[in-house]
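Descriptive structure summary
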Amino acid sequence: AQTVTQSQPEMSVQEAETVTLSCTYDTSESDYYLFWYKQPPSRQMILVIRQEAYKQQNATENRFSVNFQKAAKSFSLKISDSQLGDAAMYFCAYRSAILMATTDSWGKLQFGAGTQVVVTP
Amino acid sequence: EAGVAQSPRYKIIEKRQSVAFWCNPISGHATLYWYQQILGQGPKLLIQFQNNGVVDDSQLPKDRFSAERLKGVDSTLKIQPAKLEDSAVYLCASSLDSNRGFETQYFGPGTRLLVL
């Protein structure tokens, strides 16, 4: 079974500064997907960014970018020019890209425990 | 486009009582997921539906939890009887088609359950 580890329970950043959230995962698979989800205090979780493991190029979405190190099984999220609206819980998630014969579907999303991002003015 | 709707938003019950949660996914989304999120943890998948069929319910405590998705649209999750450890936020999510592993899941606001 795959496990996702987020070792930072909380990270604090000043407005306009940059913060990096770490995520490591354990898998024996070679093909998979990785995601970062954001969960603001209202609790509606939204997708921030995603990465396909076979792609070497790191994904970027505006102020959000990832550093994907496949060999190290690391998938960190960088938030640049932090804004007050970035304050939230951030979850790293893994999903297998191997179709399961028993269910004709991809595996379930495996989430880490989350990192709380605090943005100070 | 309307998002994933869930009700109720909050529920307080006593242990051994029953409770039901409702979810209405985004229109046209074939796949529906129920997650349990215990305080301080990431969401854990309880059950996944593709249209009105169950794809994965391996982590659903079937002795007390049940779920159904009528006509491949709305879904209900029931707990009977509830235990203290069922206190959590129950999240519903939907996606266009689970047979694309890269597919984005859209989450509802969740139902916060407190079992006393």
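Values in this document were obtained by computation on a predicted structure and should not be read as measured data.

Each value, and the rule that gives it
- Residues numbered from 1 in each chain as written.
- Chains lettered and ligands numbered in written order.
- Predicted model: local features only at pLDDT ≥ 70, side-chain atom pairs only at ≥ 80, totals over all residues.
- Heavy atoms only, no water.
- Helix = DSSP H or I, 4+ residues; strand = E, 2+ residues; numbered from the N terminus.
- Rg over C-alpha atoms; globule rule 2.2 N^0.38 Å.
- Buried < 20%, exposed > 50% of the residue type's maximum accessible area, 1.4 Å probe, protein only.
- Contact = heavy atoms within 4.5 Å.
- Disulfide = S-S within 2.5 Å.

**Quick notes on the overall build of chain B**
- Broken down by element type, chain B carries 0 helices and 11 strands.
- Written out in order from the N terminus, the α and β elements of chain B read β-β-β-β-β-β-β-β-β-β-β.
- For chain B, the C-alpha radius of gyration of 13 Å lies close to 13 Å, the compact-globule estimate for 116 residues.
- If one aligns the C-alpha atoms of chain B with their principal axes, the spans along those axes are about 40 × 25 × 25 Å.
- For chain B, the proportion of its 116 residues judged to be buried stands at 49%.
- Taking the intrachain contacts of chain B between residues at least 6 apart in sequence as the baseline, contacts between residues at least 24 apart amount to 54%.

**Looking at the state of the cysteines**
- Scanning all chains against the criterion turns up 2 disulfides over all chains.
- Across a sulfur-sulfur distance of 2.0 Å, Cys-23 of chain A and Cys-92 of chain A are joined as a disulfide pair. Torsion about the S-S bond of the Cys-23 of chain A and Cys-92 of chain A cystine: about -70°, corresponding to left-handed handedness. Linking Cys-23 of chain A in the loop between β3 (19-21) and β4 (24-26) with Cys-92 of chain A in strand β10 (residues 88-96), this pair joins segments that are 69 residues apart in sequence. One exposure class covers both Cys-23 of chain A and Cys-92 of chain A, and it is buried.
- With a sulfur-sulfur separation of 1.9 Å, Cys-23 of chain B is cross-linked through a disulfide to Cys-92 of chain B. Between Cys-23 of chain B and Cys-92 of chain B, the S-S dihedral sits near -70°, and the bridge is therefore left-handed. Of this pair, Cys-23 of chain B sits in strand β3 (residues 19-24) while Cys-92 of chain B is found in strand β9 (residues 88-95), placing the two residues 69 residues apart along the sequence. Assigned by exposure class, Cys-23 of chain B and Cys-92 of chain B land together as buried.

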